[in-house]
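Residues per chain, in single letters:
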Amino acid sequence: MEALYAALLGYLIGSIPFGLLLTKAAGMGDVRSIGSGNIGATNVLRTGNKGLAVATLVLDLAKGLAPVVIAGQLWGEIAMAFAAGAAVLGHCFPVWLGFKGGKGVATNAGVSFGLAWPIGLAYAFVWLSVLAIFRVSSLAGMAAVVAAAAAAPLFGYPQFFPVLAAIAVVIIYLHRANITRLMKGDEPKVGGSRK
């Protein structure tokens with residue numbers, strides 16, 4: 001039951017569509033009608049409002065961090081793993097939006113920090129490094145989720161490897177169109193427009 005409570009907590013918090021809520025509140029319409037159609041920070045950036053994009057990034061990260069920390073305080077490590085997986089699933093497949101959400105990269109950053117700060121640092125280092133070098137958000141995100149899964153056993157947290165590996169599979173699957181564009185050299189760079 002504790003695992004179920006943790007999963008429910010993670011899903012409910014993770015499914016809050018901050019990117020959509022912020023852009024609508026700012027009078028910018030539905031962010032799903034532009035770019036990739038996703039609700040994450042990268043697509044919010046395509047509105048041209050960097051402040052909203054940063055706010056979306058921070059809030060999406062927080063909604064991954066919060067349920068994991070809460071679950072850990074209330075129910076322990078197993079519950080943390082359930083909350084982690086559910087938070088990312090909530091962001092990617094929110095019931096409120098017909099199960100069509102974002103791709104989970106920022107939320108999984110929060111999850112990684114919530115599970116263990118060394119995992120979070122590995123995630124952040126790889127994400128920011130790849131982004132700085134290639135300026136391709138999708139590539140940085142996919143590299144980071146793989147790095148988080150690899151970092152778990154390397155840094156002494158093997159109990160979190162299964163959930164992080166499962167999350168990595170889901171996130172990479174959701175990036176399959178990005179992978180195709182990367183292979184063709186058509187993937188947009190951060191800060192560029194996409195119609």
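Just so it is clear, the model here is predicted, and its values are computed rather than measured.

Parameters and conventions
- Residues numbered from 1 in each chain as written.
- Predicted model: local features only at pLDDT ≥ 70, side-chain atom pairs only at ≥ 80, totals over all residues.
- Heavy atoms only, no water.
- Salt bridge = Lys/Arg side-chain N within 4 Å of Asp/Glu carboxyl O.
- Helix = DSSP H or I, 4+ residues; strand = E, 2+ residues; numbered from the N terminus.
- Buried < 20%, exposed > 50% of the residue type's maximum accessible area, 1.4 Å probe, protein only.
- 1 Å grid on protein atoms, 1.4 Å probe; cavity = no way out; pocket = protein on both sides within 12 Å on 5 of 7 lines; lining within 4 Å.
- Points joined across faces, edges and corners; volume = space filled by probe spheres on them.
- Nonpolar A, V, L, I, M, F, W, Y, C, P; charged D, E, K, R; others polar.

Scanning the entire structure with this criterion turns up three salt bridges. We note a salt bridge from Asp 60 to Lys 63, for which the minimum N-O separation is 3.4 Å. Of this pair, Asp 60 and Lys 63 both sit in helix α4 (residues 50-75), three residues apart, roughly one helical turn. Of the two residues examined, Asp 60 and Lys 63, each falls in the buried class. A salt bridge links Glu 187 to Arg 181, with the shortest nitrogen-to-oxygen separation between them at 2.7 Å. Judged by its relative accessible area of 12%, Glu 187 falls in the buried class.

The subject of this paragraph is the environment of Ala 168. With respect to the element layout, Ala 168 can be found in helix α9 (residues 161-174). Considered as a pair, Ala 168 and Val 105 are 63 residues apart in the sequence and their alpha carbons are 9.3 Å apart.

Reported here for the largest pocket is a volume of approximately 790 Å³. The wall of the largest pocket is formed by 36 residues, among which Gly 40, Ala 41, Thr 42, Asn 43 and Ser 137 lie closest to the centre. Put simply, the parts of the chain that give the lining of the largest pocket at least two residues each are α3 (41-45), α4, α6 (105-115), α7 (117-134), α8 (137-154) and α10 (176-184). The greatest single-element share of the lining of the largest pocket, amounting to five residues, is contributed by α4. A per-class count over the lining of the largest pocket returns 13 nonpolar, 15 polar and eight charged.

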